[in-house]
Amino acid sequence: MESQPQPQPQPRRPRGFAATAAAAAASVSPTVTPSGSAGASTASSGKGKREREKEKERTKLRERHRRAITSRMLAGLRQYGNFPLPARADMNDVLAALAREAGWTVEPDGTTYRHSPPPQHQQHLGAFPVRSGESPLTATSLKNCSVKATLDCQQPVVRIDDSLSPASLDSVVIAERDTRSEKYPSTSPINSVECLEADQLIQDVHSTEHDNDFTGTQYVPVYVKLSTGFINNFCQLADPDGVRQELSHMNSLNVDGVIVDCWWGIVECWNPQKYVWSGYRELFNYIREFKMKIQVVMAFHEYGRTDSADVLISLPNWILEIGKENQDIFFTDREGRRTTEFLSWGIDKERVLNGRTGVEVYFDFMRSFRTEFDDLFAEGLISAVEIGLGPSGELRYPSFSERMEWRYPGIGEFQRAAKLRGHSFWARGPDNAGHYNSRPHETGFFCERGDYDSYYGRFFLHWYAQALMDHADNVLSLANLAFEETKIIVKIPAVYWWYKTSSHAAELTAGYYNPTNQDGYSPVFEVLKKHSVTVKFVCYGLQICSYENDEAFADPEGLSWQVLNSVWDRGLKVAGENTLSCYDKEGCLRIIETAKPRNDPDCRHFSFFVYQQPSPLVQGVICLPDLDYFIKCMHGDITGDLVP
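The shown structure was predicted, so the numbers you read here are calculated from the model rather than taken from an experiment. (Residues numbered from 1 in each chain as written. Predicted model: local features only at pLDDT ≥ 70, side-chain atom pairs only at ≥ 80, totals over all residues. Heavy atoms only, no water.)

1. Let's talk about the overall build of the protein
The helix and strand inventory of the protein stands at 19 helices and 14 strands. Counting over 644 residues, the protein shows a buried share of 49%. Counting only contacts in the protein whose residues sit at least 6 apart along the sequence, the fraction spanning at least 24 positions is 75%. Only carbon and sulfur atoms are counted for the fraction: they give 50% of the accessible area of the protein, which is about 31,700 Å². (Helix = DSSP H or I, 4+ residues; strand = E, 2+ residues; numbered from the N terminus. Buried < 20%, exposed > 50% of the residue type's maximum accessible area, 1.4 Å probe, protein only. Contact = heavy atoms within 4.5 Å. Areas by Shrake-Rupley, 256 points an atom, 1.4 Å probe, with all protein chains shown as cover.)

2. Notes on helix 9 (residues 278–289)
One full turn of an α-helix is made of 3.6 residues, so residues set three or four places apart face in the same direction. Spanning twelve residues, helix 9 covers 17 Å between terminal C-alpha atoms, matching the ideal 16 Å at 1.5 Å per step. By the burial criterion, the buried members of helix 9 are Gly279, Tyr280, Leu283, Phe284, Tyr286 and Ile287. Projection of helix 9 onto a plane perpendicular to its axis shows the buried side chains occupying an angular sector of 155°, all on one side. Taken together, the buried residues of helix 9 touch helix 7 (240–252), strand 6 (257–263), helix 8 (264–267), strand 7 (293–299), helix 11 (358–372) and helix 12 (374–379). Note on helix 9: the residue one or two positions beyond its end, lysine 291, has a positive phi of about 55°. (Expected span 1.5 Å × (residues − 1). Arc of directions from axis to C-beta.)

3. Some words on the environment of tryptophan 104
Structurally, the position occupied by tryptophan 104 is in the loop between helix 3 (91–101) and strand 1 (105–106). A relative accessible area of 13% means that tryptophan 104 is categorised as buried. When the C-alpha atoms of tryptophan 104 and arginine 114 are compared, they prove to be 4.9 Å apart, with ten residues separating the residues in sequence.

4. Quick word on the pattern of salt bridges
Considering all chains together, one arrives at 24 salt bridges under this definition. In this structure, arginine 288 and aspartate 375 form a salt bridge, with 3.6 Å as the shortest nitrogen-oxygen distance. Taken together, the residues span a long stretch of sequence, with arginine 288 in helix 9 and aspartate 375 in helix 12 at a distance of 87 residues. For aspartate 375, a relative accessible area of 30% puts it in the partly exposed group. Between aspartate 374 and arginine 370 there is a salt bridge, and its shortest N-O distance comes to 2.7 Å. (Salt bridge = Lys/Arg side-chain N within 4 Å of Asp/Glu carboxyl O.)

5. Some points on the pairing of strand 10 (residues 382–387)
Of all six residues making up strand 10, five are buried, and the element is well covered by its neighbours. Summarising the sheet, strand 7 and strand 10 pair through five bridges and their orientation is parallel. Its bridge partner being in strand 10, isoleucine 294 is matched across the sheet by isoleucine 382. (Pairing = 2+ DSSP bridges.)

6. Brief notes about helix 17 (residues 556–569)
Helix length check: helix 17, at 14 residues, gives a terminal C-alpha distance of 20 Å against a target of 20 Å (1.5 Å per residue), a fit within 8%. Across the 14 residues of helix 17, eleven count as buried, placing the element largely inside the fold. Looking at the residues trailing helix 17, positive phi occurs at glycine 571, about 75°.

7. Notes on the sheet that holds strand 6
An order of 5-6-7-10-11-12-13-14 is seen for the eight strands of this closed barrel, with the pairing classed as parallel. Going from strand to strand, the sheet's axes swing by 30° on average, the running direction of each strand aside. As defined by bridge partners, strand 12 (residues 534–538) adjoins strand 13 (residues 573–577) across five bridges and the pair is classed as parallel. Looking at the pairing, lysine 536 lines up with alanine 575 of strand 13. Along the sheet, helix 11 makes contact with strand 6, strand 7 and strand 10, crossing strand 7 at roughly 155°. (Axes fitted to C-alpha atoms, helices over the stretch in contact; angles between N-to-C directions.)

8. Regarding unusual backbone geometry
Residue proline 409 follows tyrosine 408 across a cis peptide bond; omega there is 5°. As for its position among the elements, proline 409 is in the loop between strand 10 and helix 13 (424–427). Despite not being glycine, lysine 291 shows a phi value in the positive range, around 55°. Inspection of the secondary structure assignment puts lysine 291 in the loop between helix 9 and strand 7. The class of lysine 291 is exposed, set by a relative accessible area of 77%.

9. Let's talk about the confidence of the model for the protein
When pLDDT is averaged along the protein, the result is 76; 67% of the residues meet or exceed 70. Counting contacts from residues 616–621, a segment whose pLDDT is below 50, to residues more than four positions away or on other chains yields 13 contacts. (pLDDT = per-residue confidence, 0-100.)

10. Points about the packing of aromatic side chains
Using the criterion set out here, one finds 44 aromatic pairs in the structure. Considering the side-chain rings of tryptophan 406 and tryptophan 497, the 5.8 Å spacing of their centres and the 40° angle between planes classify their relative orientation as tilted. Of this pair, tryptophan 406 sits in the loop between strand 10 and helix 13 while tryptophan 497 sits in the loop between strand 11 (487–492) and helix 15 (505–510); the two residues are 91 residues apart in sequence, bridging distant segments of the chain. Overall, the relative accessible area of 9% leaves tryptophan 406 in the buried class. The buried category is assigned to tryptophan 497, whose relative accessible area is 5%. Residues tyrosine 521 and phenylalanine 525 carry aromatic rings whose centres are separated by 6.2 Å and whose planes lie at 25° to one another, so their mutual orientation is stacked. Take tyrosine 521: its relative accessible area is 1%, and that puts it in the buried class. (Phe/Tyr/Trp six-rings, centres within 6.5 Å; stacked < 30°, edge-to-face > 60°.)

11. Quick notes on the environment of leucine 320
With respect to the helices and strands, leucine 320 occurs in helix 10 (residues 317–325). Each C-alpha atom of the pair leucine 320 and threonine 340 lies 8.1 Å from the other, and the pair is 20 residues apart in sequence. When near neighbours in sequence (up to four residues on either side) are disregarded, leucine 320 contacts Ser314, Leu315, Phe330 and Thr340.

12. Re the side chain of threonine 486
Examined against the element boundaries, threonine 486 turns out to sit in the loop between helix 14 (455–482) and strand 11. In contact with threonine 486, other than residues within four places in its own chain, are Phe377, Ser383, Ala384 and Val385.

13. A look at the environment of tyrosine 464
Note on placement: tyrosine 464 falls in helix 14. For tyrosine 464, a relative accessible area of 1% gives the class buried. Between the alpha carbons of tyrosine 464 and arginine 416 there is a distance of 9.2 Å; along the sequence they are 48 residues apart. Setting aside residues up to four positions removed in sequence, tyrosine 464 forms contacts with Tyr397, Glu413, Phe414, Gln415, Leu508, Thr509 and Gly511. Side-chain polar atoms of tyrosine 464 contact the backbone nitrogen of glutamine 415, separated by 3.1 Å. (Polar contact = N/O pair within 3.5 Å; in protein donor to acceptor, adjacent residues only side chain to side chain.)

Following this line, the structure appears as structure tokens:
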């Protein structure tokens, strides 16, 4: 008897992670068809990959658009509603602020309750549109709870779903109903927030007891930048008595340390590799007497070549002499004008400086400083070194130079480095990018749907930004050799004007490829992460001065939010530094909240803050209403309101 063939079982279709793995394997190794051709499968795989890449880009655009809307909403709540929201507020912060506005107490762990029951009289005030589950703070329970239920509910607990990111703007608040209130069914409707008093809903949050209470918050050291001019162009201490008075005043304010600029144009002024440190040695000895820490800045840029400057420090004279014969060591703009603010990184690897490259000149200067002051490093007196990587010490191109008659809020100009190898065509830059004081809409490159988003524009901007990052990488590699086991600091500029436009024109000319469809700061911070530096963000100031108007489409808070979160997400340390010379009470509190946001679940904060003074403190010109109060708030050991 012939055996009947048994039916073959159908193979099970993979599901879940197995299906994902199978699909990935199929995309890598396409199955060959009986005809011996895998072309169709490969073509399908390639098409699917392109679709996935397009979807990723669309997702990035949607996320960026959502963040921009959220940033404007939070800015409106701060400006017009007096809500004390931190710089990186999320939905939980907004809900907590609304709850406090309504008279509730919200603890840091989310516990929400009232100190006393609300009155029984009803008064229609209009409703805040709040969404949630079953919390007494939600619209549902406010509409449906009875007066008796409202009075009897005690300390309902508000919990945050641990599966969600605490920094997410889409965080969901999950409420747990107090079981004691279950005996009062919510069947008697009370419209909206009628069970809350009017004065509880419209009270001024800035007048509450705990708004300005920074007691017990993280200790943020405060450094004060020493006035430029104490060291003259012959590297001599020009005013010893003035230095003593200024240091004494700083010491009375419990300042943690001072910032000292070590100018390349002074120390190596006359001859290459002939370094004079005598004035700095005398200055450091004075600082040692007051037992304050020192952070030094390797200042490779020029200083003070403006109408308002009373001190002028140029690049070394021997560098300027070389520049007369070879102007390509400097950056040039579209009209062929050279700027001597900083050496072009086109010569980072070109031996045009008496047989040395640009980065070798920087390295020799840093190594000389480290050798000269080895005793201060051993003592721990010098706690950190900041490496100047561009104009004003900031990592950027000299794209908005006042020497070239740039005025805020001009977009600036692309700078050309003639010696960059192999990129002569791209190094020319676009011809329709305007001039220093143009507006984006006045140019064909930066306008809406302009050439910045064309194939040429994208390629050029990527190359332009990459040259900036390569310069940082080259210099920091040698800085880590010179200052081994010492904290290295890099200053990032705050180019916030035109941030609300699609092109972000001012950032593009500065070297940050950060239009609305790109994240131009992440690649920069990946390079800085490689060298484990501390990022010092040049804050936009404690207030926006009157010259900054809506025509500039400026968004300093949006820029700050993007930069600080990008840095913290990469595990880098962050420090802050002010730029403006005018401050007020509101701005003072804003920068303290930015430096150490009290509602941040990760307890992230600045590692230190640098206060730049416009003139010596001994002259009595202090921008903050009360610098002593500001320092104590940063240190976390004071309560109460600012002194008016």
